[in-house]
Amino acid sequence: MNQKTLIGLAVAALVAIVIAFAVDRSNRPRSENGGEAPAAYVVPALRDHVNDVDKIVITGAESKPVVTLTRGANGWSIAEKNGFPADTGKLRELLLKLADAQILEQKTSNKDKYASLGVEDVSAKDAKGVEVELGGLQKPVKLIIGNSNQHGGTFVRRDGEAESWLESGSLVVDKKTENWLRKDLADIAATRISSVDITRPDGKTVRLAKAAEGDANFKLADIPKGREAGSDYAINGPASTLVGIPFDDAVPAKDAPPAEKPLKARFATFDGLIFDVTAWEKDGKDYAQFAASEDETAAATHIDAEQAKAKEAAAAKPADAKETPAADPAKDRDAKLAALRKDVDDLNARFKDWTFVLPPYKYAAINKAPDDFLKPLEDKKAAKKEGADAKKAAPAKKPKAG
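Residues numbered from 1 in each chain as written. Predicted model: local features only at pLDDT ≥ 70, side-chain atom pairs only at ≥ 80, totals over all residues. Heavy atoms only, no water.

**Side note on the sheet that holds strand β5 (residues 103-106)**
And step 1. As summarised here, the arrangement of the nine strands in space is β4-β3-β2-β1-β6-β7-β8-β9-β5, forming an open sheet in which the pairing is antiparallel. Looking along the sheet, the strands with just one partner apiece sit at the ends: β4 (84-85) and β5.
And step 2. As paired elements, strand β2 (residues 65-72) and strand β3 (residues 75-78) share four bridges and run antiparallel to each other. Paired with Thr70 across the two strands is Ser77, which belongs to β3. (Pairing = 2+ DSSP bridges. Helix = DSSP H or I, 4+ residues; strand = E, 2+ residues; numbered from the N terminus.)

Below you can see the structure in the form of structure tokens.
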């Protein structure tokens, strides 16, 4: 490589460095006097003060409220949903992202160009962004969160400022009130269920049950004469209804009372929990109300069985095995019954005075008729016909020689 080439490469490298430096400087926020501003946070008042926030108001287009989240003695709740508990994980994620958001670049201060970034006033009919107001800090904070840009940042404009900014984080604010609801109503594993009783609006009933806790599958009771139970998959299905219990919305029970003849399902667990579901369909939506209670007889039986297993396991240990002090059976029983009662009280505190909108698949899990758990009659007729056809096709036996 000759000297001329080396000099050319060096000059090209120097030019590239100068261009990169110039681009970097142009992308940094500027102060009012044209100088380079130090790195700044979008909401500096929120730094180290996230836990001081006691109110979040999110407003959408035409200044319509999306959600008003307030913190009280019992935690965060939603004003638009009659005080239903809020999803604290979701709102905390928003606050932390706001606290960490840094200004990357100054954008337009021209009102006519705000809409292109989604930072126009939310009073506008077609406003794309949302206004977020925070209470509980030394000074109230209000800003408009607009569109995301292709590199992962978000355009914002702070209250009282003409300038808009590109900030460093991805700030996506949910615009549906119901999506801010706390959704962890209950989570009861199918393996814990001992029986499911379904009563349909027409009075027809279905009972599915396990004989013992370790059984893999439920059995269908009261199979009609001449019919056969369906697949294990179909019969086991309803027991999974209480896993997670997701819901789409919550409505005050007084505003959404049950139908005159609703669908009812009762779930019993081996350890004594009774879970009642009253469900119905209206205007294309699936509604449900829940209630919990305890079966102390079933609970006591379950506790006795557990204690007996523990005693057998202890007796089977080698003589030289290290012994652990045995729990007092009476105290153990009382503690477990008290825990069950607390579970029931906690569940009812979440359910009381509310009607829940279920996702269609959850409603479908209990909206079952007796025939849904039986083998179709067509299958049985087909099997009978196949047997008859096979018999006809079989070669005739030759008579024995005399």
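**As for the packing of aromatic side chains**
And step 1. Going through the model one piece at a time under the given rule, you end up with nine aromatic pairs.
And step 2. Ring centres of Phe84 and Trp354 lie 4.8 Å apart, and the angle between their planes is 90°; this geometry places the pair in the edge-to-face category. In this pair, Phe84 sits in strand β4 while Trp354 sits in strand β17 (residues 354-358), placing the two residues 270 residues apart along the sequence. Pair check on accessibility: Phe84 and Trp354 agree, each one buried.
And step 3. Seen in terms of ring centroids, Phe290 and Phe356 are 5.7 Å apart; in terms of plane orientation they differ by 20°. Their pairing is stacked. Note that Phe290 is positioned in strand β16 (residues 285-294) and Phe356 in strand β17, a separation of 66 residues in sequence.
And step 4. Taken together, Phe84, Phe247, Phe275, Phe290, Phe351, Trp354 and Phe356 form an aromatic cluster joined through their ring pairs.
And step 5. The aromatic ring of Tyr114 is capped on one face by Arg157, whose charged end is 4.3 Å from the ring centroid. (Phe/Tyr/Trp six-rings, centres within 6.5 Å; stacked < 30°, edge-to-face > 60°. Buried < 20%, exposed > 50% of the residue type's maximum accessible area, 1.4 Å probe, protein only. Lys NZ or Arg CZ within 6 Å of the ring centre and 35° of its normal.)

**Points about the sheet that holds β16**
And step 1. Reading across from one edge, β12-β11-β10-β14-β15-β16-β17-β13 is the order of the eight strands in this open sheet, with antiparallel pairing throughout. If you trace the sheet from one side to the other, it starts and ends with β12 (219-220) and β13 (249-252), each paired once.
And step 2. Across six bridges, strand β10 (residues 193-199) lies against strand β14 (residues 263-269) in antiparallel orientation. Residue pairing across strands places Ser195 opposite Ala268, the latter belonging to β14.
And step 3. Across the sheet, helix α6 (residues 329-351) is in contact with β15 (273-282), β16 and β17; its angle to β16 comes to roughly 150°. (Contact = heavy atoms within 4.5 Å. Axes fitted to C-alpha atoms, helices over the stretch in contact; angles between N-to-C directions.)

**As for α6**
Each full turn of the α-helix corresponds to 3.6 residues, which orients residues three or four apart in the same direction.
And step 1. The end-to-end C-alpha distance of α6 is 33 Å, a good match for the 33 Å that 23 residues give at a rise of 1.5 Å each.
And step 2. Three or more residues of α6 are buried, namely Leu337, Leu340, Val344, Leu347 and Phe351.
And step 3. Lining the buried residues of α6 we find β15, β16, α5 (296-315) and β17.
And step 4. For α6, the N-terminal cap is Asp328; the gap from its side-chain oxygen to the backbone nitrogen of Ala330 is 3.0 Å. (Expected span 1.5 Å × (residues − 1). Polar contact = N/O pair within 3.5 Å; in protein donor to acceptor, adjacent residues only side chain to side chain.)

**Overview of α5**
And step 1. When the terminal C-alpha atoms of α5 are compared, their 28 Å separation across 20 residues agrees well with the 28 Å that a helix rising 1.5 Å per residue should span.
And step 2. All of the buried residues in α5 are Ala299, Ala300, His302 and Ile303. Along α5, the residues classed as buried sweep out an arc of 160° about the axis, all on the same side. Facing away from the buried side of α5 by more than 90 degrees, the exposed set consists of Thr297, Lys309, Lys311, Glu312 and Ala315.
And step 3. Looking at the buried residues of α5, the elements they touch are α6.
And step 4. If you check the start of α5, you find a side-chain oxygen 3.1 Å away from the backbone N of Thr297, and it comes from Asp295. (Arc of directions from axis to C-beta.)

**Side note on the nonpolar core**
And step 1. Judged by nonpolar contacts, the single largest core of 74 residues is most densely connected at Ile56, Ile58, Leu98, Val132, Phe275, Val277 and Phe290.
And step 2. Residues within four places of Leu98 in sequence aside, it is in contact with Val43, Leu46, Val132, Leu134, Leu143, Ile145 and Leu171.
And step 3. The next biggest cluster of nonpolar side chains, apart from the first, holds six residues, and it includes Tyr114, Val119, Ile144 and Leu166. (Core = buried A, V, L, I, M, F, W, Y, C linked by side-chain atoms within 4.5 Å.)

**As for unusual backbone geometry**
And step 1. For Asn82, which is not a glycine, the phi torsion comes out positive at approximately 55°.
And step 2. Looking at where Asn82 falls in the secondary structure, it is placed in the loop between β3 and β4.
And step 3. Positive phi outside glycine occurs at Asp353, with the angle close to 70°.
And step 4. Of note, Asp353 is situated in the loop between α6 and β17.
And step 5. The exposure class of Asp353 is exposed, given its relative accessible area of 53%.

**Some details on the pairing of strand β6 (residues 130-135)**
And step 1. Burial runs high along β6: five of the six residues are buried.
And step 2. Judged from the five bridges that link them, strand β1 (residues 55-59) and β6 form a sheet pairing that is antiparallel. Considered in β6, the bridge of Lys55 is made with Gly135.
And step 3. As paired elements, β6 and strand β7 (residues 141-148) share five bridges and run antiparallel to each other. Bridged to Glu133 within β7 is Lys142.
And step 4. Connecting β6 to the antiparallel partner β7 that follows it, the hairpin turn spans five residues, and Gly136 within it adopts a positive phi of roughly 105°.

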